[in-house]
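Structural characterization, general
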Amino acid sequence: KQETLALPVGVTLDRFIKRQQSAMPFASGELSQLLRDIALAGKIINREINRAGLVDITGAFGSQNVQGEEQQKLDVVADIRFLRALKNGGEVCAVITEEEDEIIYTDNDEGKYVVAIDPLDGSSNIDVNVSIGTIFSVYRRVTPVGTRATLEDFMQGGRSQVAAGYILYGSSTILVYTTGQGVNAFTYENSLGEFFLSHNEIKSPETGSIYSANEGNYNDFVSGARAYIVNCRMKEYAARYIGSLVADFHRNLLKGGIYLYPPSKKYPKGKLRLLYECYPLAFLAEQAGASSTDGYQNILDIEPQELHQRSPFYVGAKEMVSDLLLYF
Ligand code: AHG
Ligand code: MN
Ligand code: MN
Ligand code: MN
């Protein structure tokens, strides 16, 4: 196990990445650069999100926004910004994103990494000013450098991720990520345009008393999920559901809790997407001492079959996930 990076809170993301890279003798710096590229895109989206609220107000009087541009949904704006940042960064040869049906090639066939991304998670919440996020997952490509990436690069499975994280655009903007050496969080200081280490080596509580589910679908849920939710109600747990996976996940990670998105009539395989929602958050959970399941196996062990595959998703405090599984 790498020695823990006991850096002082307040160190910049850049300094932290450099320190982490120097602790990995074989790291040649591409992954470090990729993480910087993602952080840059996060800064840009953060600004767009704040501006979008403003534009919406002025744009509300017609389909044109104040600059005369065709008003774009924030999903698409975030998608474009991340694709551009990853393309310009040069470390990534291909991307899959929630907002594009097929693999997007960056024309950097020399890039050693591929990225799966949910550019804007919880986007239905933006126009009511509720927290939203971005989720990303990184793999080293398995096809030869210099060739065009293929589906195989994206079908490696959750345990092959080399990095995963999210950006939560909330009361403050926070970047949380892991490269397999623990989970660290960096809070954005707008006035300086910098992310600063704010949570070192996050360890999620072993148990908790918060559960997150859209109980509007309760009658559709599989019996195991219904039974577990009744158990939560009997124990008078707090029901907290923001409707942005990243926000619900982050609160549960820090305070201890469990998030459930069981299969429902509308989503018989579950709503959340394996490659850019479930796998990255399952990797982070495991690195922070929490766990995840689809009701039968650890999320990270699910065999990927297709880019936008959905999965039932239960993630949170280790003891709460094992309690849930007693009902399956
Ligand atoms: P996205 O906005 O990226 O499509 O993800 C939305 C997801 C997740 O963020 C959230 O927890 C869940 O959908 C909310 O679904 P319901 O509205 O069905 O509860
Ligand atoms: Mn999402
Ligand atoms: Mn999304
Ligand atoms: Mn969506």
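Analysis parameters
- Residues numbered from 1 in each chain as written.
- Chains lettered and ligands numbered in written order.
- Predicted model: local features only at pLDDT ≥ 70, side-chain atom pairs only at ≥ 80, totals over all residues.
- Heavy atoms only, no water.
- Helix = DSSP H or I, 4+ residues; strand = E, 2+ residues; numbered from the N terminus.
- Rg over C-alpha atoms; globule rule 2.2 N^0.38 Å.
- Buried < 20%, exposed > 50% of the residue type's maximum accessible area, 1.4 Å probe, protein only.
- Contact = heavy atoms within 4.5 Å.
- Areas by Shrake-Rupley, 256 points an atom, 1.4 Å probe, with all protein chains shown as cover.
- Lys, Arg positive; Asp, Glu negative; His and termini not counted.
- Charge placed at Lys NZ, Arg CZ, Asp CG, Glu CD.
- Near = heavy atom within 4 Å.
- Polar contact = N/O pair within 3.5 Å; in protein donor to acceptor, adjacent residues only side chain to side chain.
- Nonpolar A, V, L, I, M, F, W, Y, C, P; charged D, E, K, R; others polar.
- Donors = N, O, S within 2.8 Å, 3.2 Å for Na, K, Ca; no water.
- UniProt positions renumbered as here; feature names shortened; annotations may be inferred.
- Pairing = 2+ DSSP bridges.
- Axes fitted to C-alpha atoms, helices over the stretch in contact; angles between N-to-C directions.
- Salt bridge = Lys/Arg side-chain N within 4 Å of Asp/Glu carboxyl O.
- Expected span 1.5 Å × (residues − 1).

**Notes on the overall build of the protein**
A count of helices and strands for the protein gives seven helices and 13 strands. Over its C-alpha atoms the protein spans a radius of gyration of 19 Å, differing by no more than 12% from the 20 Å that the globule rule assigns to 328 residues. Along the three orthogonal principal directions, the C-alpha set of the protein runs to about 55 × 50 × 40 Å. When burial is assessed residue by residue, the protein has 55% of its 328 residues classed as buried. The contacts in the protein between residues at least 6 apart in sequence include a share of 62% that link residues at least 24 apart. Carbon and sulfur atoms provide 51% of the accessible area of the protein, an area that totals close to 14,200 Å². Across the protein, the mean location of the 31 positive side-chain charges is 3 Å away from that of the 40 negative side-chain charges.

**Comments concerning the site of ligand 1**
The environment of ligand 1 is made up of 17 residues, and the closest members are Asp121, Gly122, Tyr241, Tyr259 and Tyr261. At a separation of 2.8 Å, an oxygen atom of ligand 1 approaches a polar side-chain atom of aspartate 121. Asparagine 214 is positioned such that a nitrogen or oxygen atom in its side chain is 3.0 Å from an oxygen atom of ligand 1. Within the complex, 83% of the 470 Å² of free accessible area of ligand 1 lies under protein. The leading source of residues in the shell around ligand 1 is strand S3 (residues 113–121), at three residues. Partitioned by chemical class, the residues of the shell around ligand 1 number six nonpolar, five polar and six charged.

**Observations regarding the coordination of the manganese ion (ligand 2)**
Coordination sphere of the manganese ion (ligand 2), protein contribution only: Asp118 (OD), Asp121 (OD) and Glu277 (OE), at 1.9 to 2.1 Å. Read in sequence order, the donor residues for the manganese ion (ligand 2) give the motif D-x2-D-x155-E.

**Some words on the UniProt feature "binding site: Mg(2+) 1" (unreviewed entry) in the protein**
Those places that UniProt annotates as "binding site: Mg(2+) 1" (unreviewed entry) correspond, in this numbering, to Glu98, Asp118 and Leu120. These annotated residues cover 23 residues of sequence, and their C-alpha atoms lie no more than 8.7 Å from one another, placing them together at a single site. Residue position: glutamate 98 is located in the loop between strand S1 (92–97) and strand S2 (104–105). Here aspartate 118 is to be found in strand S3. Look at aspartate 118 and you get buried, because its relative accessible area is 0%. Once you skip the residues sitting within four places of it in the chain, aspartate 118 turns out to touch Glu98, Gly133, Thr134, Ile135, Tyr276 and Glu277.

**Remarks on the sheet that holds strand S7 (residues 183–189)**
The sheet built from eight strands is open, its strands ordered S2-S1-S3-S4-S5-S6-S7-S8 with mixed pairing. Of all the strands in the sheet, the pair left with one neighbour each is S2 and strand S8 (194–199). Pairing of S1 with S3, which is carried by five bridges, proceeds in the parallel orientation. In the strand pairing of S3, valine 95 is matched with valine 115. Across the sheet, helix H3 (residues 74–89) lies against S1, S2, S3, strand S4 (132–140) and strand S5 (163–169), angled at about 155° from S3, the strand it touches most. Against the sheet, helix H6 (residues 274–287) engages S1, S3, S4, S5, strand S6 (173–178) and S7, with an angle of about 80° to S4.

**Focus: the coordination of the manganese ion (ligand 3)**
Summarising the metal site, the manganese ion (ligand 3) is bound by the protein donors Glu98 (OE), Asp118 (OD) and Leu120 (O), whose distances to it range over 1.9 to 2.2 Å. Of note, the donors binding the manganese ion (ligand 3) are all from one chain and are spaced E-x19-D-x1-L. Metal-to-metal, the separation of the manganese ion (ligand 3) and the manganese ion (ligand 2) is 3.7 Å; aspartate 118 coordinates the two. Like leucine 120, aspartate 118 is buried.

**Here we look at the pattern of salt bridges**
Summed over all chains, the structure comprises 14 salt bridges. Its salt-bridge partner being glutamate 98, residue arginine 273 comes within 3.1 Å of it at the nearest N-O pair. Taken as a pair, arginine 273 in the loop between strand S11 (258–261) and H6 and glutamate 98 in the loop between S1 and S2 lie far apart in primary sequence, 175 residues in all. By relative accessible area, which is 23% here, glutamate 98 ends up partly exposed.

**Notes on H3**
For H3, which comprises 16 residues, the first-to-last C-alpha distance of 22 Å matches the rise-based estimate of 22 Å (1.5 Å per residue) to within 8%. Among the residues of H3, Leu74, Asp75, Val77, Ala78, Asp79, Phe82, Leu83, Ala85 and Leu86 are the ones counted as buried. Glycine 90 sits one or two residues past H3 and shows a positive phi near 85°.

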